[in-house]
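What the coordinates show
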Amino acid sequence: MNNSGFQNSESESSPGRALWKRIVSDRAAAACLIFLALSALLCFAAPLIAPYPFDAQDLALGASPPSAEHLFGTDCLGRDLLSRILYGGRVSFAVGFLATAAAVAFGAIYGTVSGMMGGRADSIMMRIVDIAYSMPFTIFVILLMVAFGRSIWLIFVAIGAVEWLTMARIARGMCLDIKSRQYVEAARAMGESTANIIRRHILPNASGAILACATLTVPSVMLLEAFLSFLGLGVQAPMPSWGGLVKDGAEFMEDAPWLLIFPAFFFSATLYALNRLGEAASKRDFF
């Protein structure tokens, strides 16, 4: 019994390595990973490689189609679209990964603690999750904007306040499954504290599934940011984001279709790559 439990725990001691093997063994997922890495690198290197500042205007030029000087054309204020896409990608990637990291960390801890405590405490903690789920997301964001003003940090807070709920439920379910296993029962019989059991057994064995879920959370978070920007609740002008650029392009799609085509292409390709990675990561259960 102990040997079996040890092997199970040991095999899950490096979920990141198992996740990496699962991705690189899938050629399509590996290609998506390379695309995402290059896209993120180009976006975060925007101050070095962007041909123009993202807020540089040329009102005399106005909305002009792609040319040798402006490869993706310019918007109605004469701002270079390629530069704005690169800078906008920095915002979208930052929101996607940072908000996901915060939501996953908090949700995993909350759900694990809830599952380990069980009984009345577990019931109360999960009712809190249910109540939070029932709150309209858009109204919640508007209230935050009214109370604290528009800020990119509020976007992190608003998105994180929604996305951790799903992770909490997943982590609780994983915890309930793992804590009934023999090696956890053996650790409890040997007098290990609940905190040590969570740290040494529950989280390491659940982290593989949590990482797989996180890869699917990133595109969801980026879509939420785009939704907020489309409603005018996203980042403040003139700082661009991909959602804001798609919103602006939709307003001028008949007269200047390039304003919609290029941002929508990069945003859609990024979301597809992220979703493809998530599918590859969650092909099989980690147990």
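Just above, that's the structure.
Residues numbered from 1 in each chain as written. Predicted model: local features only at pLDDT ≥ 70, side-chain atom pairs only at ≥ 80, totals over all residues. Heavy atoms only, no water.

Helix and strand counts for the protein chain come out as twelve helices and zero strands. Each principal axis of the C-alpha atoms in the protein chain carries an extent, and together these give about 80 × 45 × 30 Å. Put simply, the protein chain has 287 residues, and 47% of those count as buried. A total accessible area of about 14500 Å² is found for the protein chain, and carbon and sulfur atoms account for 66% of it. (Helix = DSSP H or I, 4+ residues; strand = E, 2+ residues; numbered from the N terminus. Buried < 20%, exposed > 50% of the residue type's maximum accessible area, 1.4 Å probe, protein only. Areas by Shrake-Rupley, 256 points an atom, 1.4 Å probe, with all protein chains shown as cover.)

On to the packing of helix α7 (residues 137-148) against helix α8 (residues 152-178). The N-to-C vectors of α7 and α8 enclose an angle of 150°; their axes lie 10 Å apart at closest approach. In this view, α7 runs roughly antiparallel relative to α8, as classed from their interaxial angle. Note that α7 runs across α8; the crossing there is right-handed. For the pair α7 and α8, the contacting residues are F137, F140, V141, L144, M145 and F148 in the first and L154, V157, A158, I159, A161 and V162 in the second. Counted by class, the contact of α7 with α8 contains twelve nonpolar, no polar and no charged residues. (Axes fitted to C-alpha atoms, helices over the stretch in contact; angles between N-to-C directions. Parallel < 35°, antiparallel > 145°, perpendicular 65-115°, else oblique. Left-handed = near helix turned anticlockwise from the far one by under 90°. Contact = heavy atoms within 4.5 Å. Nonpolar A, V, L, I, M, F, W, Y, C, P; charged D, E, K, R; others polar.)

With that out of the way, let us pick up the packing of aromatic side chains. Evaluation of the coordinates by the stated rule reveals ten aromatic pairs. Ring centres of F93 and F97 lie 6.0 Å apart, and the angle between their planes is 10°; on these two criteria the pair is classed as stacked. Separated by four residues within a single helix, F93 and F97 lie in helix α5 (residues 81-117), roughly one turn from each other. Consider the rings of F265 and F266, whose centres lie 5.5 Å apart with planes at 80°: the pair is edge-to-face. In this structure F266 comes out as partly exposed when scored by relative accessible area, which is 24%. Here a set of aromatic residues connected by ring pairs shows up, and it is made of F72, F262, F265 and F266. (Phe/Tyr/Trp six-rings, centres within 6.5 Å; stacked < 30°, edge-to-face > 60°.)

Considering the arrangement of structural elements, one finds D80 in the loop between α4 (46-49) and α5. The sequence separation of D80 and E69 amounts to eleven residues, and the corresponding C-alpha distance is 9.1 Å. For D80, the residues in contact, after removing those within four places along its chain, are P51, Y52, E69, H70, G73 and T74. At 3.5 Å, the side chain of D80 forms a polar contact with the backbone nitrogen of L82. (Polar contact = N/O pair within 3.5 Å; in protein donor to acceptor, adjacent residues only side chain to side chain.)

Residues I34, L38 and L41 make up a contiguous nonpolar surface patch of about 320 Å² in total accessible area. Looking at the element boundaries, L41 is found in helix α3 (residues 27-44). (Patch = residues over 30% accessible without salt bridge, like charges linked within 9 Å, V, L, I, M, F, W, Y side chains within 5 Å. Salt bridge = Lys/Arg side-chain N within 4 Å of Asp/Glu carboxyl O.)

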